[in-house]
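One letter stands for each residue in the lines below.
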Amino acid sequence: MGTSLITKKRIAKAFKQQLAQKSFDKLSVVDIMQEANMRRQTFYNYFLDKYELLDWIFETELQEQVTDNLNYISGLTLLDELLYYIERNQSFYVQLFEIKGQNAFVAYLDGYCQILLEKILREVQSQERVNLEDNYVQFLVSYHAGALLSLIEQGIRQCPCRLCEHYPYLVQVVTRSVREGKGK
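Residues numbered from 1 in each chain as written. Predicted model: local features only at pLDDT ≥ 70, side-chain atom pairs only at ≥ 80, totals over all residues. Heavy atoms only, no water.

Visitor: So what exactly am I meant to see when it comes to the environment of Gly 155 here?
Guide: In this fold, Gly 155 is placed in helix 8 (residues 134–158). On a C-alpha basis, the gap between Gly 155 and Arg 39 in space is 37 Å, while along the polypeptide they are 116 residues apart. (Helix = DSSP H or I, 4+ residues; strand = E, 2+ residues; numbered from the N terminus.)

Printed below as a string of structure tokens:
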């Protein structure tokens, strides 16, 4: 692992630790770097601001959980791992759902949910031997990704253990929508 990656991960870890103590809006680069035991300037060698750090964390962690495994693990297994990962990091993700605007976490997570749901839908189509029109598949991807995103947010805010409880229901709904979409 390169020095720059180690440094970035160290800064990200400090960011997460600070975020557990205060809200994103109140968190400063000085706070992050004090937690990391590093000079403030080091932060700016790697990131423009805390929003760019947040982007990097999303891309890195969600990529490790979802995108990097798309070709190796079934979509349902990836979904299970994603829910487990978010559940394990509940305090961090609760804070992220509070961020609104341009750098909102919801937009990033929605993109990953769509990638994941498209994979799951394609796999279910293959298993069920159903061929759906692309427009209908895109509708289902968007619809189910939105539902998944809502379940994740609700689960994180209320009871993260419920995230994995909803998993079988989500699978049933996705499978049923593929079966009922024959001819579409």
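Visitor: Where do I start with helix 8 in this structure?
Guide: Each α-helix turn comprises 3.6 residues. Residues three or four places apart therefore point the same way. In this model, helix 8 (25 residues) spans 36 Å end to end at C-alpha, consistent with the 36 Å of a helix rising 1.5 Å per residue. Turning to helix 8, its buried residues are Tyr 136, Val 137, Leu 140, Val 141, His 144, Ala 145, Leu 148, Leu 149, Ile 152, Gly 155 and Ile 156. (Expected span 1.5 Å × (residues − 1). Buried < 20%, exposed > 50% of the residue type's maximum accessible area, 1.4 Å probe, protein only.)

Visitor: Just checking my understanding: could you explain the environment of Leu 82 for this structure?
Guide: Positionally, Leu 82 belongs in helix 5 (residues 75–88). Put simply, Leu 82 and Tyr 112 are 30 residues apart on the chain and 9.9 Å apart in space, counted from C-alpha to C-alpha.

Visitor: Explain helix 1 (residues 3–19) here, please?
Guide: In a regular helix each residue adds 1.5 Å, so 17 residues correspond to 24 Å; helix 1 covers 24 Å between its end C-alpha atoms and thus fits that length. What helix 1 keeps buried is the set Thr 7, Ile 11, Ala 12, Ala 14, Phe 15, Gln 18 and Leu 19. For helix 1, the angular spread of the buried residues around the axis is 160°, confining them to a single face. (Arc of directions from axis to C-beta.)

Visitor: Hey, could you run me through the packing of helix 1 against helix 2 (residues 29–36) in this one?
Guide: The geometry of a pair of packed helices is captured by two quantities: the angle between their axes and the separation between those axes. Packing of helix 1 against helix 2 leaves a shortest axis separation of 8 Å and a crossing angle of 110°. Between helix 1 and helix 2, the interaxial angle falls into the category roughly perpendicular. Where helix 1 crosses over helix 2, the two elements pack in a sense that is right-handed. Only Asp 31, Ile 32, Met 33, Glu 35 and Ala 36 of helix 2 make contact with helix 1, whose side of the interface consists of Arg 10, Ile 11, Ala 14, Phe 15, Gln 17 and Gln 18. A breakdown of the residues in the contact of helix 1 with helix 2 according to their chemical character gives six nonpolar, two polar and three charged. (Axes fitted to C-alpha atoms, helices over the stretch in contact; angles between N-to-C directions. Parallel < 35°, antiparallel > 145°, perpendicular 65-115°, else oblique. Left-handed = near helix turned anticlockwise from the far one by under 90°. Contact = heavy atoms within 4.5 Å. Nonpolar A, V, L, I, M, F, W, Y, C, P; charged D, E, K, R; others polar.)

Visitor: Help me understand the packing of helix 7 (residues 105–128) against helix 8 in this model?
Guide: Where helix 7 contacts helix 8, the two axes come as close as 8 Å, and the packing angle between them is 130°. Considering the angle they form, helix 7 stands oblique to helix 8. Where helix 7 crosses over helix 8, the handedness of that crossing is right-handed. Taken together, the residues of helix 8 that come into contact with helix 7 (itself represented by Val 106, Leu 109, Asp 110, Cys 113, Gln 114, Leu 117, Glu 118, Leu 121, Arg 122 and Gln 125) are Asp 134, Val 137, Gln 138, Leu 140, Val 141, His 144, Ala 145, Leu 148, Leu 149 and Ile 152.

Visitor: What is the right way to look at unusual backbone geometry in this model?
Guide: One can expect most non-glycine residues to show negative phi and most peptide bonds to be in trans. In this structure, Asn 37 is a non-glycine residue whose phi angle is positive, near 60°. Topologically, Asn 37 is positioned in the loop between helix 2 and helix 3 (40–46).

Visitor: Would you mind showing me how to read the nonpolar core here?
Guide: Across soluble globular proteins, nonpolar side chains have a tendency to be buried as a group. Counting residues in hydrophobic clusters, the biggest one holds 57 residues, and the most contacted among them are Phe 15, Ile 32, Leu 53, Leu 96, Leu 109 and Ile 152. Listing elements by their share of this core, those giving two or more residues are helix 1, helix 2, helix 4 (50–65), helix 5, helix 6 (90–96), helix 7, helix 8 and helix 9 (161–180). Aside from chain neighbours lying at most four places away, what touches Ile 32 is Ile 11, Ala 14, Phe 15, Gln 18, Leu 27, Phe 43 and Leu 53. (Core = buried A, V, L, I, M, F, W, Y, C linked by side-chain atoms within 4.5 Å.)

Visitor: What's the story with the pattern of salt bridges in this structure? I'm lost.
Guide: Side chains that differ in sign of charge can pair as their charged atoms come close. Applying the stated criterion across every chain yields a total of four salt bridges. Between Glu 118 and Arg 122 there is a salt bridge, and its shortest N-O distance comes to 3.7 Å. Taken together, the positions of Glu 118 and Arg 122, both in helix 7 and four residues apart, correspond to about one turn of that helix. Residue classification places Glu 118 among the partly exposed positions, given a relative accessible area of 29%. Where Asp 134 meets Arg 122, a salt bridge forms, and the shortest distance between an N and an O atom there is 3.7 Å. Residue Asp 134 is found in helix 8, and its partner Arg 122 is found in helix 7; the two are separated by 12 residues along the sequence. On the basis of relative accessible area, Asp 134 is assigned to the exposed category, the value being 51%. (Salt bridge = Lys/Arg side-chain N within 4 Å of Asp/Glu carboxyl O.)

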